[in-house]
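Fold and geometry: a report
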Amino acid sequence: MSRVKTRFAPSPTGYLHIGGFRTALYNYLFAKQNGGSFVLRIEDTDQTREVKGAVEALISTLQKIGLNWDEGPFADKTFKMTEKGQNGPYFQSKRAKIYREYAQKLVSSNKAYFCTCSAERLEQLRKEQEAKKLPPKYDGLCRENTQKPIGKFVIRLKVPTSGEVVFNDSIRGEIKISVNEIDDQVLIKSDGFPTYHLANVVDDHLMGITHVIRGEEWLPSTPKHILLYQGFGWNLPVFAHLPLLLNKDRSKLSKRQGDVATEDYLNKGYLPEAIINYVALLGWHPKDDRELFGLKQLVKEFDLKRVQKAGAIFDVEKLNWFNCEYLKKKSNKELAILAKRFLPRADEATLQKIVKVEKERINYLEEICERSQYFFNLPNYKQELLVFKKSDKETTLKSLKLILENLNKLREGKWKVKHLHKILEQMVKGNNLANGDVFWPARVAVSGLAKSPSPEEIMEVLGKTESLKRIQKAISVI
Ligand code: GLU
């Protein structure tokens, strides 16, 4: 067999769906583990579905995640596009002439024909079939037209009148379908552009694609593709149709139940390695129970044969779990750099301190922004909040005064969680107080919140001056 070559062939209709990203990832993994190459091809022949900026968004998302392709369009920082590879152009909109040539070849070998039926006739036909409860299908009126007509026409595939299309899908096994169920598919539309079916097959062949790995929604189109390969006399690639992605309630993964755009997760500060790891497991499972895989490891261990047929559930909580695992692996310095865009005004040192306090408490980096507002501005809080539920106002005031007095003695250079904790602890013991009498008001005084990290952690980030200022304020409001 020739060298493995796979492709990701999205239609730029908006954003990169998580399912699309999984397709891209599996194609990448399979190509790389076989020492092959991976192609990005833009299927943009349906001008009516074209969305401005969609190609740029797609490329930038794949680049941010760190999935590299060997051939196809590439974008520089200013989004100037260049193409790399021997088999371009990689935008189908630039290949219309090629598809027309190949469609003509099929007509010449009696595998396709010109159809001049009007939209009205086809509509009439459809209505008649509907009334008879028949599936919609072209009736073959133009099947013998091999002369290029003057005026408007389409080119249709001449599906054989008897027999079966049989093929083997790597994931689903043998699939058989009677040709009677296949319509004489339009290959070239009246605007001269190809349909998906023709363009897809011609390109997969001309680009030397050996394995077509794509979503299950394309399975019904595959028999048409097989007829095209046969019509041209070309070898078939290996087909593998990936299981659907589902919401938790087992409906098809949709926007209504949460984010489905890969870029939304990146924008929220999910780490690319977490997205890759989780998405790799949507339909594929290793032999054992391991769950954490980096991209390189996935290249080694991914196995197309172990991809399941049943739909795979996309569960954002599981993605959160992976993201937390990867957040834990990062140093505070690395996280501070990544968190910068969510807290643009904080300096590097402050960011590192915030990240240290928050990293175990967040699912994704954007949460840091909301969670850490109190580091920058003390929120307004009600004075009652300062009093622990098992304490009283008087004790709280006494406590706050002691806190101020004792912490004031700690040198700036020693203003660290460890020392702060010791002082507060000693205060509890030495003054016959309860933990809640001291730690609760200390925490509320510096955070202004009912729930927050511990007072020592917050104070370390705030530094001595700001911490004492906030405690003083608490004393004055109570
Ligand atoms: N352009 C199709 C899509 O948007 C590609 C399907 C295929 O991979 O053949 O998903």
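Our structure is the block above this text.
Keep in mind that this is a model prediction, so the values were computed, not measured.

About the cut-offs
Residues numbered from 1 in each chain as written. Predicted model: local features only at pLDDT ≥ 70, side-chain atom pairs only at ≥ 80, totals over all residues. Heavy atoms only, no water. Buried < 20%, exposed > 50% of the residue type's maximum accessible area, 1.4 Å probe, protein only. Helix = DSSP H or I, 4+ residues; strand = E, 2+ residues; numbered from the N terminus. Pairing = 2+ DSSP bridges. Right-handed = clockwise from strand over helix to strand, strands pointing away. 1 Å grid on protein atoms, 1.4 Å probe; cavity = no way out; pocket = protein on both sides within 12 Å on 5 of 7 lines; lining within 4 Å. Points joined across faces, edges and corners; volume = space filled by probe spheres on them. Nonpolar A, V, L, I, M, F, W, Y, C, P; charged D, E, K, R; others polar. Near = heavy atom within 4 Å. Polar contact = N/O pair within 3.5 Å; in protein donor to acceptor, adjacent residues only side chain to side chain. Areas by Shrake-Rupley, 256 points an atom, 1.4 Å probe, with all protein chains shown as cover.

Side note on the pairing of strand E10 (residues 211-215)
Burial of E10 is extensive: five of the five residues sit out of reach of the surface. Of the pairings in the sheet, the one linking E10 to strand E11 (residues 238-242) comprises five bridges and is parallel in character. Bridging from a neighbouring strand, arginine 214 pairs with histidine 241 of E11. Considered for its hand, the β-α-β crossover made up of E10, helix H6 (residues 222-232) and E11 is right-handed.

Examining the layout of surface pockets
Here the largest pocket is characterised by a volume of approximately 1,000 Å³. In terms of lining residues, the largest pocket is bounded by 44 residues, among which Pro10, Ser11, Thr13, Glu217 and Trp218 are the most central. When residues of the lining of the largest pocket are traced back to their parent elements, those giving at least two are strand E1 (5-8), helix H1 (18-33), helix H5 (196-206) and E10. It is H1 that provides the largest number of residues to the lining of the largest pocket, a total of five residues. Residue composition of the lining of the largest pocket, grouped by class: 17 nonpolar, 14 polar and 13 charged.

Here's the deal with the site of the ligand
The ligand sits among Arg7, Ala9, Pro10, Ser11, Glu43, Tyr196, Asn200, Arg214 and Trp218. Separating a nitrogen atom of the ligand from a backbone N or O atom of alanine 9 is a distance of 2.8 Å. One nitrogen or oxygen atom from the side chain of serine 11 is found 3.0 Å from a nitrogen atom belonging to the ligand. Here the ligand has 290 Å² of accessible area as a free molecule, and 85% of this is covered by the chains.

What about unusual backbone geometry?
Note that the residue after glycine 88, namely proline 89, is joined by a cis bond; omega there is -5 degrees. Relative to the helices and strands, proline 89 is located in the loop between strand E4 (81-84) and helix H3 (96-108). You will see that lysine 133, though not glycine, has its phi angle at about 60 degrees, which is positive. For arginine 250, which is not glycine, the phi dihedral falls at a positive 70 degrees. In this fold, arginine 250 is placed in the loop between strand E12 (245-246) and helix H7 (262-267).

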